[in-house]
Amino acid sequence: GAVVSQHPSRVICKSGTSVKIECRSLDFQATTMFWYRQFPKQSLMLMATSNEGSKATYEQGVEKDKFLINHASLTLSTLTVTSAHPEDSSFYICSARALQGNIRGGNEQFFGPGTRLTVL
Amino acid sequence: SQKIEQNSEALNIQEGKTATLTCNYTNYSPAYLQWYRQDPGRGPVFLLLIRENEKEKRKERLKVTFDTTLKQSLFHITASQPADSATYLCALARSYNTDKLIFGTGTRLQVFP
């Protein structure tokens, strides 16, 4: 159980186009989903926290107008990179926290397999 | 500044030996700490969580220690196998009330036969 999927797994696009990445919790409901970005040989950097039915909370330095997040249901969150540029090329990973079973201090996050974005 | 440091150099060990990975942090007082495994081109997979009031946690061949005085966590894999080769990430949560995890850069472990 606790499987998170991402689609697409890999995308190559031209500079200036927008790219949408989907994150789905397949066998559980997720109140909260997180979007991370990981550059080569670097740590995962949290971009934003997404709660179902409300606006996402962005980390400092992350442009909310560039990285649009929609958490429309308890099993789906999307990240849209608008007007992508080569510097946006990265590995984007989502994670989800289950609706139930969040034991105090538990906070286990289930990660998706990631999406490799390459902007030419 | 706040930092989470993991040994950036790869750790190479022989099959059957115990691998020990280190996670040091400064300027944090984390409520709990987690360890994840990440394979190339994949998302992290949760391994173990240890709370601030716990000294040690075990799961099968894995053991995690947490020393809040030293501000350090050690991650051990006993009887290591080539299949254990991966990058291992530590992540801190500042409090029980937050979902945010702050990740270290990870240490690449290579277990050779």
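So, how was this worked out
- Residues numbered from 1 in each chain as written.
- Chains lettered and ligands numbered in written order.
- Predicted model: local features only at pLDDT ≥ 70, side-chain atom pairs only at ≥ 80, totals over all residues.
- Heavy atoms only, no water.
- Salt bridge = Lys/Arg side-chain N within 4 Å of Asp/Glu carboxyl O.
- Helix = DSSP H or I, 4+ residues; strand = E, 2+ residues; numbered from the N terminus.
- Buried < 20%, exposed > 50% of the residue type's maximum accessible area, 1.4 Å probe, protein only.
- Polar contact = N/O pair within 3.5 Å; in protein donor to acceptor, adjacent residues only side chain to side chain.
- Contact = heavy atoms within 4.5 Å.
- Buried area = accessible area lost by both parts, 1.4 Å probe.

Counted under the stated rule, the structure contains nine salt bridges over all chains. The closest approach of N and O atoms between A:Lys66 and A:Asp88, which form a salt bridge, is 2.9 Å. Of this pair, A:Lys66 sits in the loop between strand E6 (57-58) and strand E7 (67-73) while A:Asp88 sits in the loop between strand E8 (76-81) and strand E9 (90-98), placing them 22 residues apart in sequence. The same class applies to A:Lys66 and to A:Asp88, which are both buried. Look at the salt bridges and you will find they share partners, linking B:Arg51, B:Glu54 and B:Lys57 into a network.

Residues and elements named next belong to chain A. With respect to the secondary-structure elements, Gln-6 resides in strand E1 (residues 4-7). Judged by its relative accessible area of 9%, Gln-6 falls in the buried class. Side-chain polar atoms of Gln-6 contact the backbone nitrogen of Cys-94, separated by 3.0 Å. There is a polar contact of 3.0 Å between the side chain of Gln-6 and the backbone nitrogen of Gly-114.

Bringing the interface of chain B and chain A into the picture now. Counting residues at the interface gives 20 residues for chain B and 23 residues for chain A. In this assembly, chain B packs against chain A so that about 1,700 Å² is buried in total across both faces, 53% of it on carbon and sulfur atoms. Put simply, chain B and chain A have one salt bridge between them. Among the salt bridges present, the one from A:Glu59 reaches B:Lys100, with a minimum N-O distance of 2.9 Å. Summed over the shared surface of chain B and chain A, the result is three residue pairs in polar contact (both at pLDDT 80 or more). Contributing elements (two or more residues each) for the side of chain B that touches chain A: strand E4 (32-38) and strand E5 (45-51) of chain B.

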